[in-house]
Amino acid sequence: MLYPVLVAAPQTPDPAADPSARRVIMTVVAIQFASCLGFFSVMAHLVAHLRHDLGLLAGTVGLILGLRVGLQFALLLPVGTVTDLLGARNTGAIACVLRMAGFALLAAADGVAGLLCASVVIAVGGALYNPAAQSLLAGVGPARRPGGFAAYVATQHIATIVGPPMGLALLSVGNGFALLAGVASALWLVAGALFLLLPRRRGAKPAPARFHHVVTGVRTVLGDRRFVLFALMTAPTTLLANHIMTAVPLLGFAPAAATLCFSLLAVIAAIAQPFVATGGRGERPWVLRLGLLCAAATFFVLAPLDGTQTAPLMLAAVLNGVANGLIQPSIFQRIARHAPAERFGSYYGVVAFCAGMFSFAGDLVVGRLFDLGAAGVALIGVGAFALVAAFGTPGSITAEPGRGSGARPRRRP
């Protein structure tokens, strides 16, 4: 049987015939649905709770939200290697327990100290969750891997649509936000239990995650020069995927128009997943390049808008949906193809860290430009980063013989 991440792939039978691969994919998709439903149902209403229910100042709200994002991104660099050392199954279960605790703290907190504590716990859990889930999918082998990741991302988009209305319904019942955060906590508990249902790796137990092992894992990836170039050139992708959620309200669009935009974006992204999953398209450079060009076009369309032009906004939603549908699976498939099976978490961690920190810094700069009345300049700048990434990302990330980390391309089935 084939197991995730810590099992070397090249010598195994074709995973297309292995029922354990199907089991892993179905379990990870179920985990993704439970966890994302809990996350998006709360996050869609968290700002309103902090601002109106608790009466916090805008700066304090920004501190609570920014702490989660910044800490989660910063932890991605070492956490990828920790995932390799502990095993994806164990890391995922720990991640879900932490997020369960974090949302439980949100349900009970009514002061800044408690909210900051909840933000930290949620950030650490989030940093652990994504490398664990994607390492499991990377380990099922090349035949099933693209379809598994397509289902994983499509499930996230479905939860993005379903979560906010579910949260709104829970807010209208009983204790309001406390009930909503409590339900989210329970959903993360379900996700953690599903991680534990995954099969253990036969043979040796995962090695303890000692500090020098983490440093060695990160150093190994950083020695792979072409991969580091790939990570740096694709760093804008998280900003490109997420910033439309911030830009559309700031441009003055009404909540109904913004909601329609985000829902359309999620549907288009989910529809694009099967295209990337079949025929090995995700590994082809033109797919990632096309996605980045669509992302650039998104922000060029948004730049002149003032909150009244609904038709161009829907065009931007379609373009961003296509971009997300092409970019996310393409990056995943190229990392999974390039990284040795036992080091996928380390390679993913470097890419995610670069993208996360770029997004964190980019949001601060773009937000400042909006405050200065230069919204169009800010959005054109975001689009320009997408163009640079589209033409600067290397077509191949395979390390040259005798150089880099020694990562080798996997043998095609």
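Now for a quick tour of the structure.

The rules behind these values
Residues numbered from 1 in each chain as written. Predicted model: local features only at pLDDT ≥ 70, side-chain atom pairs only at ≥ 80, totals over all residues. Heavy atoms only, no water. Axes fitted to C-alpha atoms, helices over the stretch in contact; angles between N-to-C directions. Helix = DSSP H or I, 4+ residues; strand = E, 2+ residues; numbered from the N terminus. Parallel < 35°, antiparallel > 145°, perpendicular 65-115°, else oblique. Left-handed = near helix turned anticlockwise from the far one by under 90°. Contact = heavy atoms within 4.5 Å. Nonpolar A, V, L, I, M, F, W, Y, C, P; charged D, E, K, R; others polar. Expected span 1.5 Å × (residues − 1). Core = buried A, V, L, I, M, F, W, Y, C linked by side-chain atoms within 4.5 Å. Buried < 20%, exposed > 50% of the residue type's maximum accessible area, 1.4 Å probe, protein only.

Running from N to C, helix 9 (residues 237-250) and helix 11 (residues 285-302) cross one another at 40 degrees; their axes reach a closest spacing of 11 Å. One way to sum up the angle between helix 9 and helix 11 is to call them oblique. Relative to helix 11, the crossing made by helix 9 is left-handed. Residues Thr237, Leu239, Leu240, His243 and Ile244 of helix 9 form the contact with helix 11, whose participating residues are Leu292, Ala295, Thr298, Phe299 and Leu302. Tallied by class, residues from the contact of helix 9 with helix 11 come to seven nonpolar, three polar and no charged.

Here helix 13 (residues 344-371) spans 40 Å end to end across 28 residues, near enough to the 40 Å set by a 1.5 Å rise per residue. Taken from the residues just after helix 13, Gly373 is the one with a positive phi, measuring 80 degrees.

Before going further, it helps to spend a moment on the nonpolar core. In terms of nonpolar packing, the biggest core is built from 103 residues, with Leu106, Tyr129, Leu302 and Leu313 touching the most fellow members. If we skip the residues at most four places from it in the chain, Tyr129 touches Ile31, Gln32, Ser35, Ala95, Cys96, Tyr152, Trp188 and Phe195.

Mapped onto the elements, Phe299 comes out in helix 11. Each C-alpha atom of the pair Phe299 and Gly381 lies 8.5 Å from the other, and the pair is 82 residues apart in sequence. For Phe299, the residues in contact, after removing those within four places along its chain, are Leu239, Leu240, His243, Ile244, Asn320, Leu379, Val382 and Gly383.

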